[in-house]
Amino acid sequence: MTSQLFRVALFLVLGLLGAAVVLGATPGRAEERRVVVELFTSQGCSSCPPADALLLELAKREDVVALALHVDYWDYIGWKDGFATPAHTARQKAYAASRGEKMIYTPQMVVQGQEAIVGTKEMKLADLIARHRVEPQAVDLSVAHANGVLTISAQGALPYPVDVCLVRYLPQKTVEVRKGENAGRTLTYANIVTDWSVLGEWDGRAPLSMQLPLEGDQPAVVILQQKGFGPIRAVADLR
């Protein structure tokens, strides 16, 4: 077995061990120990395909909410990423600013809104997921969808306000890249974010109850994130 295959196999084993702790959880609820991983990537980045492949594996895990945010700052080198938006670039820049950093890059993963790592560091990523998976769950978040209406409910005791975010994504898409650094390659992407909206602010203390229309068949994720691009405190999804 090659070293790369060994790393992937080990990563998947760690994922299966993590998934075991959430078996039997109620669908649509914020399962304890789930971890949000955001990948900032681009079809025009030659270093990104290994990270994109890693996110494909992450998307299969029950203990992880894996999200791909395609950025637009590599479009100038010959291939325009059809999934990229300026909003994703702005989010990555905001994360960097919150950490006092001046540069951004791809592929980059942000784990639970806190640690930023190179998106191909499988073992570092596995360590971070394992660490965040055992953190206490301070918020009980649940979501439900019926008759075109999304209902969001939460209870907890946070010492600071959080943004209530709604994320929609495309589960999977294969792209034939014809120009740029990845010209001639056929690449498959997972959990491609199509919209990331802040629905409002919750003070983290009084019970939260929100309702809003939800159209379309794309999966939806609700994320509670400390304001100022801080830690993610809860996540629940509809698939």
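As a reminder, the structure under discussion sits directly above these lines.
By convention here, each chain's residues receive numbers from 1 onward along its written sequence. For a predicted model such as this one, the threshold for reporting local features is a pLDDT of at least 70, and the threshold for listing and counting side-chain atom pairs is 80 or more; totals across whole chains, interfaces and linings nevertheless cover every residue. To get the side-chain values, all heavy atoms of the structure are used, and hydrogens and water are removed first.

Engineer: Which residues make up the overall build of the protein chain, and what values do they have?
Structural biologist: Secondary structure assignment for the protein chain yields four helices and eleven strands. In the protein chain, buried positions account for 48% of the 239 residues. Taking as baseline every contact in the protein chain between residues at least 6 positions apart, the subset at least 24 positions apart corresponds to 70%. To qualify as a helix, a DSSP run of H or I must reach at least 4 residues; to qualify as a strand, a run of E must reach at least 2; elements of each kind are numbered from the N terminus. Relative accessibility under 20% of the residue-type maximum defines a buried residue, over 50% an exposed one, and the middle range a partly exposed one, all with a 1.4 Å probe and only protein chains included. When checking whether two residues touch, look at their non-hydrogen atoms; a contact exists if any pair is within 4.5 Å.

Engineer: Outline the pairing of strand β9 (residues 208–213), supporting the account with residue identities and numerical values.
Structural biologist: One face of the sheet, then the other: side chains in a regular strand alternate in exactly this way. Along β9, the buried face is formed by Leu208, Met210 and Leu212; none of Ser209, Gln211 and Pro213, which line the opposite face, is buried. Two strands form a pair only when DSSP identifies at least two bridges running between them. Relative to β9, strand β6 (residues 149–156) runs antiparallel, the two being bridged by six bridges. Each bridged residue has a counterpart across the sheet, and for Ser153 the counterpart in β9 is Ser209.

Engineer: Talk me through the sheet that holds β6; I want residue IDs and the actual numbers.
Structural biologist: What the three strands build is an open sheet, ordered β5-β6-β9; its pairing is antiparallel. In this open sheet, the two strands that pair with only one neighbour each are β5 (139–146) and β9. On average, each strand axis in the sheet is tilted by 15 degrees relative to the strand beside it, whichever way the strands run. For β5 and β6, the ladder comprises eight bridges, and the chain directions are antiparallel. Directly across from Ala144, in β6, lies its bridge partner Thr151. For helices, the axis comes from a line fit to the C-alpha atoms of the stretch in contact; other axes are also lines fit to C-alpha atoms, and the angle between any two N-to-C directions lies between 0 and 180 degrees.

Engineer: Go over helix α4 (residues 122–133), please, and point to the residues and values.
Structural biologist: Over its twelve residues, α4 extends 16 Å from the first C-alpha to the last, a length consistent with the 16 Å expected when each residue adds 1.5 Å. Listed as buried for α4 are Glu122, Leu125, Ala126, Leu128, Ile129, His132 and Arg133. For α4, the arc enclosing every buried residue in end-on projection is 165 degrees, short of the 170-degree limit, so these residues lie on one face. The span expected for a helix works out to 1.5 Å for each residue beyond the first. Note that the arc is defined by the directions from the helix axis to the C-beta atoms.

Engineer: Summarise the packing of aromatic side chains; cite the residues concerned and give the values.
Structural biologist: We call Phe, Tyr and Trp rings a pair once their centres come within 6.5 Å, taking the six-membered ring for Trp, and we label the pair stacked below 30 degrees between planes, edge-to-face above 60, and tilted otherwise. A full pass over the atoms with the stated rule returns five aromatic pairs. Both rings, one in Phe40 and one in Tyr95, keep their centres 6.3 Å apart while their planes meet at 80 degrees; by these two values the pair is edge-to-face. Linking Phe40 in strand β1 (residues 35–41) with Tyr95 in helix α3 (residues 86–98), this pair joins segments that are 55 residues apart in sequence. With a relative accessible area of 0%, Phe40 lands in the buried category. Measuring from centroid to centroid gives 5.5 Å for Tyr73 and Trp74, while their planes differ by 55 degrees, and the two rings are tilted. Among the aromatic residues, those joined into a ring-pair cluster are Phe40, Tyr95 and Phe229. The lysine or arginine in question, Arg91, covers the ring of Trp196, its NZ or CZ lying 3.7 Å from the ring centre. Any Lys NZ or Arg CZ found within 6 Å of a ring centre and within 35 degrees of that ring's normal is scored as a charge over the ring.

Engineer: Explain unusual backbone geometry to me, and be specific about the residues and the numbers.
Structural biologist: The omega torsion across Thr106 and Pro107 is -5 degrees, close enough to zero to call that bond cis. On the secondary structure map, Pro107 appears in the loop between α3 and β3 (108–111). For Asn147, which is not glycine, the phi torsion reads 55 degrees and is therefore positive. By secondary structure assignment, the location of Asn147 is in the loop between β5 and β6. A relative accessible area of 81% means that Asn147 is categorised as exposed. A positive phi is found at Phe229, a non-glycine position, where the angle reads about 60 degrees. Within the fold, Phe229 resides in the loop between β10 (220–226) and β11 (232–238).

Engineer: Can you explain the environment of Glu115? Please cite residues and give values.
Structural biologist: Checked against the element boundaries, Glu115 lands in strand β4 (residues 115–118). When neighbours within four sequence positions are excluded, Glu115 is seen to be in contact with Met109, Val110, Leu128, Arg131 and His132. The term polar contact refers here to a pair of N or O atoms within 3.5 Å; inside protein, the definition further demands a hydrogen-donor-capable atom paired with an acceptor-capable atom, and it admits residues adjacent in sequence only when both atoms are side-chain atoms. There is a polar contact of 2.5 Å between the side chain of Glu115 and the side chain of Arg131.

Engineer: Report on the environment of Asp140, specifying residues and quantitative values.
Structural biologist: Along the chain, Asp140 falls in strand β5. Here the alpha-carbon distance between Asp140 and Ala157, two residues 17 residues apart in the chain, equals 9.7 Å.

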